[in-house]
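Remarks on the overall topology
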Amino acid sequence: MDGNRTELPDGALLIEDGKISAVGRTDEIEAPEGAEVVDATGCAVLPGLVNCHTHLCMIYGRTIGTERRLLDWLKVEMPIMARLDDTATYYGALLGCVENIKNGNTTVVENTFIPRTRDFTPENAIFRAMRDVGVRGVVARAYHARNFAPEFLESHEQQAEAVESLVEDWHGAEGGRLGVSIGPLLPWIVDIEDLFETRALADRLGIGIHMHVAESPEFNEKIEEAHGRSIRNVELLYEGRCLGSSVQAVAVADLNDREIELLAETETAVVFDPQTRLFWGTGFPGLRPFLDAGLICGLGTNGPAANCGQDLFETMKYACATAKTAANDPTALGRYRVLEMATIEGARALGMADRTGSLEVGKDADVITVNLAQPHLTPALDIPAALVYSAKGSDVRDVFIAGNAVMRNREVLTVRERDVLVAANEIAARIVPGAERVSARVA
Ligand SMILES: [Zn+2]
C-alpha cells in the first residue's frame, strides 16, 4: 500500500515507539536487543483496515428488522435508540470496537445519532469505549435540525456548543488516535442555512464533514419534498458549501453523472458500503464511474444492525462483485485497488494518510496479521486475491494499533471480551423490545 504495491515475501517490519521504523526482508532487519519478536510465519502482514463508516450506536438492533427497507427499518430501530443511556451506549460502542478489532479494522468512523438528553453525552461514552479498546477512532456526530424525531433536534447554537466541547475533550486525544467530525444525518433533515452553519463550524474547529449522500432513489424524493424544489442530493450539498477535500460522502448509490463530476471537482471523498445496499435491496452503485472520475474511494461496513457484521474483507469482496456486475466487466474493480480502498485510500478519505493505511517507515504502526494456513486460503498463489476473495475477518490473527498489541492470537488484550458480551446481552434484554427471552438463553 506504499504507492508501488510492493509485496515482500519473507518480509519483516520493526516497530519502535509506536511507529514503523523499518520494513524489509527478514534477513535485512535486525531486532534490537530486548525487542519482542512476533513470528508471523504463514501469515500475510498488512496495514490495519480502515472502516470509514459505521453506527456502533445501533448495535443492539442487530438481527432486528432484516426484511425491511431503510426507512421502515429505522422505525423498528428508533425505539431502541431512544432507550440508550450512558452505560448502554458505552457497552454498545465497546462491543462494536471489539468486533471491529476482531475483523482487523484498526480505524473506525462511528456516525453517532442518539437522542439528546440532559444527563449524558453519548459521544463521551463512545470516545471512552474507543479509548479503552485502543482503536483509532473518529466520532462523526450527526446533526438533526428538522423533519426527524423531536428528541434528536437541536439549534445551531446547541450543535456548536456540543461540538466545541467534544473537540476540546477528545479531538487529537490518545496521541492523536481520536478525532471528531460532524454532518447532517440525512439530507432532508436540514435546510440550506443548516448546511452553511455546518460548514462554518467545521472550518472554525478544523474538523471534517461526514454524511450520508443519496443512499437510494428515496433520498432524492425526500429532498424534493422537504426543500420544496427539484434538486439532487449532491447539488444541494454544493449549494450548501458542504463538499470539499475534508468531506466524506457516505453510502453513495443513486448519483447521476453531473453529481459525480461535482464530487470530483470539489475533491470530495466517497465511501461505499455495498453489502448494505444489497441488504436493503434498493440497488447498488456501479463503482467504475467513481474510479474513472478520479475520486478518493473508501469502504465502510455501515452499522452492525444494517448488515449484521463489521467485516471489511466481506465489503471488499462485495465491492468487486457489485462493480463487476454493474459494468458487466470483470476488470471494473480489481484486487489491488480494493485493498487500497480498505487501507491507504480509506485513510486518505479521512485525511489520515500521513499516519495510517500503509506499512511505511514513519507511520503509526497499525498492523494486522492474517493467518493464511487454513483450508479456505490454500493454496494462496496470489495473496491479494486470497485476501479479497477468500479471506474473512475471522482470519485476522493479531492486531497492533500505534504499536500497541490490541489482539494476539485472536484474544483481545485491552478489554475482557466475555465481560463485554455478557454486559451487552443484559443491556439488550433491558432496551430491545421482546429481547428478554434471547438474553436468558445466552446467559
Ligand atoms: Zn450509515
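Analysis parameters
- Residues numbered from 1 in each chain as written.
- Predicted model: local features only at pLDDT ≥ 70, side-chain atom pairs only at ≥ 80, totals over all residues.
- Heavy atoms only, no water.
- Pairing = 2+ DSSP bridges.
- Helix = DSSP H or I, 4+ residues; strand = E, 2+ residues; numbered from the N terminus.
- Axes fitted to C-alpha atoms, helices over the stretch in contact; angles between N-to-C directions.
- Buried < 20%, exposed > 50% of the residue type's maximum accessible area, 1.4 Å probe, protein only.
- Polar contact = N/O pair within 3.5 Å; in protein donor to acceptor, adjacent residues only side chain to side chain.
- Contact = heavy atoms within 4.5 Å.
- Donors = N, O, S within 2.8 Å, 3.2 Å for Na, K, Ca; no water.
- Tetrahedral: all angles 85-135°; square planar, octahedral: opposite > 155°, others 65-115°.
- Salt bridge = Lys/Arg side-chain N within 4 Å of Asp/Glu carboxyl O.
- Core = buried A, V, L, I, M, F, W, Y, C linked by side-chain atoms within 4.5 Å.
- Domains from an automatic or database assignment.
- Buried area = accessible area lost by both parts, 1.4 Å probe.
- Nonpolar A, V, L, I, M, F, W, Y, C, P; charged D, E, K, R; others polar.

1. Details of the sheet that holds strand E4 (residues 49–54)
Read across the sheet, eight strands follow the order E4-E5-E6-E7-E8-E9-E10-E11 without closing on themselves; strand pairing throughout is parallel. The open sheet terminates on both sides in strands that have one partner only, identified here as E4 and strand E11 (297–299). Going from strand to strand, the sheet's axes swing by 25° on average, the running direction of each strand aside. Relative to strand E7 (residues 178–184), strand E6 (residues 136–143) is paired through seven bridges, and the arrangement is parallel. Bridge pairing in E7 places Gly137 opposite Leu178.

2. A look at the side chain of Gln310
Considering the arrangement of structural elements, one finds Gln310 in the loop between helix H12 (304–307) and helix H13 (312–327). For Gln310, a relative accessible area of 1% translates into the label buried. A polar atom in the side chain of Gln310 sits 2.9 Å from the backbone oxygen of Asn302. Every residue in contact with Gln310, bar those within four places of it in the chain, is listed here: Asn51, Thr54, Leu56, Glu99, Asn100, Asn103, Asn105, Thr301, Asn302, Gly303 and Pro304.

3. Details of the side chain of Thr315
Among the structural elements, Thr315 can be located in helix H13. According to the relative accessible area criterion, Thr315 is buried, its value standing at 0%. Among residues more than four places away in sequence, those in contact with Thr315 are Phe272, Pro274, Gln275, Leu299, Gly300 and Thr301.

4. Let's talk about the coordination of the zinc ion
Note on the zinc ion: its protein donors are His53 (NE2), His55 (NE2), His212 (NE2) and Asn302 (OD1). The metal-donor distances range over 2.1 to 2.7 Å. Between the four donor atoms coordinating the zinc ion, the angles at the centre fall across 88 to 175°, so the site counts as irregular. The sequence motif formed by the donor residues of the zinc ion is H-x1-H-x156-H-x89-N. In this pair, His53 sits in strand E4 while Asn302 sits in the loop between E11 and H12, placing the two residues 249 residues apart along the sequence. Both residues of the pair, His53 and Asn302, belong to the buried class.

5. Re the pattern of salt bridges
It is possible for side chains of opposite charge to pair when their charged atoms get near one another. Summed over the entire model, instances satisfying the criterion amount to 37 salt bridges. Between Arg337 and Glu345 there is a salt bridge, with its nearest N and O atoms 2.8 Å apart. Taken together, the salt bridges that share partners define one network made up of Lys19, Arg136, Asp364 and Asp366.

6. As for the pairing of strand E3 (residues 43–47)
Among the five residues of E3, four are classified as buried, and the element is accordingly described as predominantly covered. Taken together, the five bridges between E3 and strand E12 (residues 367–371) define a ladder with antiparallel strand orientation. Bridged to Leu46 within E12 is Ile368.

7. Some details on the nonpolar core
Counting 126 residues, the largest nonpolar core has Tyr60 and Phe290 as the members making the most contacts within it. A total of eight residues in this core trace back to one element, the largest contributor, which is helix H2 (residues 86–102). Viewed by domain, this core spans two of them, domain 1 (11–45 + 361–412) and domain 2 (49–349), each represented by three or more residues. If we ignore the near neighbours within four places in the chain, the residues touching Tyr60 are Ile80, Leu84, Ala88, Tyr91, Gly92, Ala424, Ile427, Ala428, Ile431 and Val432.

8. Considerations on the domain arrangement of the protein chain
As assigned here, the protein chain comprises domain 1 (11–45 + 361–412) and domain 2 (49–349). Inter-centroid distance (C-alpha atoms) of domain 1 to domain 2 is 29 Å. In this complex, domain 1 contributes 24 residues to the contact, which on the side of domain 2 involves 25 residues. Interface area for domain 1 against domain 2, summed over the two sides, is near 1900 Å², with a carbon-plus-sulfur share of 64%. A per-residue breakdown of the area domain 1 buries against domain 2 is headed by Val388, Tyr389 and Ile401, which together make up 31% of the total. Remark: the boundary between domain 1 and domain 2 carries three salt bridges. Across the pair Arg136 and Asp364 runs a salt bridge whose closest N-O atoms are separated by 3.0 Å. The tally of links from domain 1 across to domain 2 stands at seven residue pairs in polar contact (both at pLDDT 80 or more). Taken together, the elements giving at least two residues each to the side of domain 1 that touches domain 2 come down to E12, helix H16 (383–390), strand E13 (396–401) and strand E14 (404–408). The leading source of residues in the side of domain 1 that touches domain 2 is H16, at five residues. For the side of domain 1 that touches domain 2, the class distribution of residues is 16 nonpolar, two polar and six charged.

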